[in-house]
Amino acid sequence: MSEFVTIFEMGPRDGLQNETNFVPTGQKIELVDRLSGCGFRKIEVTSFVSPKWVPQMADAQEVMEGIYRHPAVTYSVLTPNVKGYGAAVRVSADEVAIFGSASEGFSRKNINCSVAESIERFKPLIEKAQKDAIPVRGYVSCVTDCPYDGATSPAKVAEVAKTLFDLGCYEISLGDTIGAGTPETIGKMLDTVLGDLPAEKLAGHFHDTKGRALENIEISLDKGLRTFDSAVGGLGGCPYAPGAKGNVATEAVAALLSDKGFETGLDMDKLKDAAAFARSLRGASA
Ligand code: HMG
Ligand code: MG
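It should be emphasised that the depicted structure is a prediction, and the values quoted were computed from it without experimental measurement.

1. Re the overall build of the chain
For step 1, the next point in the chain: Within the chain, the regular secondary structure consists of 11 helices and 10 strands.
For step 2, the next point in the chain: In terms of principal-axis extent, the alpha carbons of the chain reach across some 45 × 40 × 35 Å.
For step 3, the next point in the chain: When the 286 residues of the chain are sorted by exposure, 55% land in the buried category.
For step 4, the next point in the chain: Considering only contacts in the chain between residues 6 or more positions apart, those separated by 24 or more positions represent 75%.
For step 5, the next point in the chain: Accessible area for the chain stands at about 11,300 Å²; split by element, carbon and sulfur atoms hold 50% of it.
For step 6, the next point in the chain: Here the chain carries 30 positive and 38 negative side-chain charges, and the mean point of each set is 4 Å from the other.

2. Looking at the pattern of salt bridges
For step 1, the next point in the chain: Applying the stated criterion across every chain yields a total of 16 salt bridges.
For step 2, the next point in the chain: Glu 171 is the salt-bridge partner of Arg 137, the closest N and O atoms lying 2.8 Å from each other. With Arg 137 in strand E5 (residues 136-141) and Glu 171 in strand E8 (residues 171-176), the pair connects residues that are 34 residues apart, well separated along the chain. Accessibility classification places Arg 137 together with Glu 171 in one group, the buried group.
For step 3, the next point in the chain: With a closest N to O distance of 2.8 Å, Lys 162 and Asp 166 form a salt bridge. Residue Lys 162 and its partner Asp 166 are both found in helix H7 (residues 154-167); the two are separated by 4 residues, about one turn of the helix.
For step 4, the next point in the chain: Look at Lys 162 and you get partly exposed, because its relative accessible area is 29%.
For step 5, the next point in the chain: Through salt bridges with shared partners, a single network forms among Arg 13, Asp 14 and Glu 44.

3. Thoughts on the state of the cysteines
For step 1, the next point in the chain: Taken as a whole and assessed by the stated rule, the structure comprises 0 disulfides.
For step 2, the next point in the chain: No disulfide involves Cys 169; its sulfur sits 15 Å from that of Cys 113, the nearest cysteine.
For step 3, the next point in the chain: Cys 169 sits in the buried class, given a relative accessible area of 2%.

The rules behind these values
- Residues numbered from 1 in each chain as written.
- Chains lettered and ligands numbered in written order.
- Predicted model: local features only at pLDDT ≥ 70, side-chain atom pairs only at ≥ 80, totals over all residues.
- Heavy atoms only, no water.
- Helix = DSSP H or I, 4+ residues; strand = E, 2+ residues; numbered from the N terminus.
- Buried < 20%, exposed > 50% of the residue type's maximum accessible area, 1.4 Å probe, protein only.
- Contact = heavy atoms within 4.5 Å.
- Areas by Shrake-Rupley, 256 points an atom, 1.4 Å probe, with all protein chains shown as cover.
- Lys, Arg positive; Asp, Glu negative; His and termini not counted.
- Charge placed at Lys NZ, Arg CZ, Asp CG, Glu CD.
- Salt bridge = Lys/Arg side-chain N within 4 Å of Asp/Glu carboxyl O.
- Disulfide = S-S within 2.5 Å.

Structural data, given as structure tokens:
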């Protein structure tokens, strides 16, 4: 039997958060429902963040209340703090994700605090989630390059990743937030992080700004990673990372993995339809 690789679908969250035109709540729900029929095990649905910071995600509660909950799918949401966590619990999110950074500049622009302050902010959230038995995923952004601080040191990525893991995150997603990583810089970064954490606890989260995301996935596969984040139709970007283009397209990742003999559990025809629908939601920022 071929080896399984998990694709964590990011379209409804990382994909849509950067759209300047507000995507109607009903269409967001339709996107998630279509994705639920594609065979994904994990879908990141929305973010319980400040609506002043990311207006596109202001309807997080309505989206979570409106979607069909496929029993085989884990529906995850971003939660930057205890306030967001409380909102996520009220809509019965299956999983939450905290998001930190390996660079100070991005941390300040994205979540308005230093890296050290963000860790302090995550601690009570993780404690609550552990009591509620809700899994917490941890993101580390800017793993090779930061739009504000330049190159990121692999040692800093390893330090933040290990800290989040030790606090209780079940998996650390390593984010090439602005898609500036290359197989060389991603490979070096992974070599360092793998000194602290095993490959099965890591995920690759690659934006495709320079068209290198698939190569970055290949080097990550070589290093043993078996979970990748992507967005249908290549939607995406981060409003606080200038130049951050879409996440690598799920359909391209699924095709690459299939060519390499991995199993993803995805229905390629349904995925194609979902990708076309996702692209149709793109507005002025496309
Ligand atoms: P702050 O202004 O420092 O927060 O923002 P605050 O605690 O001082 O609160 C200010 C206001 O926000 C208050 O409201 C709070 O109630 C409200 P006011 O009294 O002014 O009316 N507030 C909230 N409202 C709703 N939900 C909440 C929440 N928290 C506070 N959870 C904060 C700090 C973290 C809240 C803000 O900076 C924020 O929301 N940032 C989110 C930015 C974001 O979502 N970025 C995109 C996701 S990260 C990403 O895309 C990268 C990733 O894909 C990986 C990669 O690519 O590398 C994950
Ligand atoms: Mg991202």
